Amino acid sequence: MFMQPDPICAAMNLEQARFNMVEQQIRTWEVLDQDVLDLMSIVKREEFVPAAWRNLAFADAEIPLGHGATMFSPKIEAHALQALQLKRHEKALEIGSGSGYMAALLAAHADHVWSLEIVPELAAMARDNLARHGIGNVTVEAGDGVRGLPAHAPYDAIMVSAALPAVPQALLDQLKVGGRLFAIVGTAPVMTAQVITRVTEDGYRSVS
């Protein structure tokens, strides 16, 4: 006899997987900011993952989005949030909207987020996902992330949601003094997470 899946059991399994993601992947990767840990538990990652990959929503892996784009692994996303230390009055720029998940995380801690996406289909996916979750303080715009979005600069934080061989000067120029930028920099297999802070009009400090 065919048995219908138990929705209560499925929901419990989903929440267990979310809990395991936070406790076994993220917390053990030295992400200890409780606000970040809580946020990763609240924003439903599985609803921003393409249906074909939903069973890997909480896995320690990058998830393909199509068009050559991927979602960072959860621990990278959480590490970025902890490093950027966004505050409620601040505005942020994201390079690479993807599915809209990272923008949703940023939006929970920021006044407004501009998210720049060069692939129209991904920009549409991000807008749809964000609208479906009632997230109104994110604006997804089409454009080349290498140039940034000078129309709304300067920014308190810039999140680069894609790996770069080097951080373009145009992005650094769009940081406020005191502003922070997070990026994965280098070429495979040698890549590092960098947090660059603009300390003066002409000076930057980088921490890997």
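Cut-offs used in this document
Residues numbered from 1 in each chain as written. Predicted model: local features only at pLDDT ≥ 70, side-chain atom pairs only at ≥ 80, totals over all residues. Heavy atoms only, no water. Phe/Tyr/Trp six-rings, centres within 6.5 Å; stacked < 30°, edge-to-face > 60°. Helix = DSSP H or I, 4+ residues; strand = E, 2+ residues; numbered from the N terminus. Buried < 20%, exposed > 50% of the residue type's maximum accessible area, 1.4 Å probe, protein only. Lys NZ or Arg CZ within 6 Å of the ring centre and 35° of its normal. Core = buried A, V, L, I, M, F, W, Y, C linked by side-chain atoms within 4.5 Å. Contact = heavy atoms within 4.5 Å. Polar contact = N/O pair within 3.5 Å; in protein donor to acceptor, adjacent residues only side chain to side chain. Pairing = 2+ DSSP bridges. Right-handed = clockwise from strand over helix to strand, strands pointing away. Salt bridge = Lys/Arg side-chain N within 4 Å of Asp/Glu carboxyl O.

Draft legend 1. Region of interest: the packing of aromatic side chains. In this structure the tally under the stated criterion is 2 aromatic pairs. For the ring pair Trp114 and Tyr155, a centre distance of 6.2 Å and an interplane angle of 65 degrees mean the geometry is edge-to-face. With Trp114 in strand S4 (residues 112-117) and Tyr155 in strand S6 (residues 155-164), this pair connects stretches of sequence that are 41 residues apart. Each member of the pair, Trp114 as well as Tyr155, carries the same accessibility label: buried. Stacked on the ring of Tyr155, the Lys or Arg Lys91 has its end atom at 5.8 Å from the ring centre.

Draft legend 2. The nonpolar core, seen in detail. Counting 46 residues, the largest nonpolar core has Met40, Leu81, Leu105, Leu106, Met159 and Phe182 as its most contacted members. If you tally residues by element for this core, the top one is helix H4 (residues 101-109), at 7 residues. Once residues lying within four places of it in the same chain are set aside, the contact partners of Leu105 are Leu39, Met40, Val43, Glu77 and Leu81.

Draft legend 3. Local environment of the side chain of Ser161. Within the element layout of this structure, Ser161 appears in strand S6. Engagement of the side chain of Ser161 in a polar contact is seen with the side chain of Glu94, the distance being 2.8 Å. Here Ser161 is in contact with Phe72, Glu94, Ile95, Gly96 and Met102, once residues within four sequence places are set aside.

Draft legend 4. Inspection of the side chain of Ser99 at higher detail. Position of Ser99 relative to the elements: it lies in the loop between strand S3 (91-95) and H4. Apart from residues no more than four positions distant in its own chain, Ser99 is found in contact with Phe48, Leu65, Met71, Met125, Ala126 and Asn129.

Draft legend 5. Structural view of the environment of Glu23. One can find Glu23 in helix H1 (residues 7-26). Distance from Glu23 to Arg180, taken between C-alpha atoms, is 27 Å for residues 157 residues apart in sequence. Looking at Glu23, its side chain comes within polar contact range of the side chain of Arg27, at 2.8 Å.

Draft legend 6. Spatial organisation of the environment of Gln25. Among the structural elements, Gln25 can be located in helix H1. Given the relative accessible area of 14%, Gln25 is considered buried. In the structure, Gln25 is positioned 46 residues away from Met71 in sequence and 16 Å away in space, judged by C-alpha atoms. Residues within four places of Gln25 in sequence aside, it is in contact with Asn20, Phe58, Ala59, Asp60, Pro74 and Lys75.

Draft legend 7. Examining the pairing of strand S5 (residues 138-142) more closely. Here S4 runs beside S5; their pairing, made up of 5 bridges, is parallel. Bridge assignment links Ser115 to a residue of S5, and that residue is Val140. Note on the crossover from S4 through helix H5 (residues 120-132) to S5: the handedness is right-handed.

Draft legend 8. Up close: the pattern of salt bridges. Inspection of the entire model under this criterion finds 9 salt bridges. Of the charged contacts in the structure, one is a salt bridge between Glu23 and Arg27, with a shortest N-O distance of 2.8 Å. Glu23 gets classed as partly exposed once you look at its relative accessible area, which sits at 25%. Look at Arg27 and you get partly exposed, because its relative accessible area is 30%. The closest approach of N and O atoms between Asp60 and Lys75, which form a salt bridge, is 3.4 Å. Linking Asp60 in the loop between helix H2 (34-42) and strand S1 (63-66) with Lys75 in helix H3 (residues 74-84), this pair joins segments that are 15 residues apart in sequence. What makes Asp60 partly exposed here is its relative accessible area of 43%.

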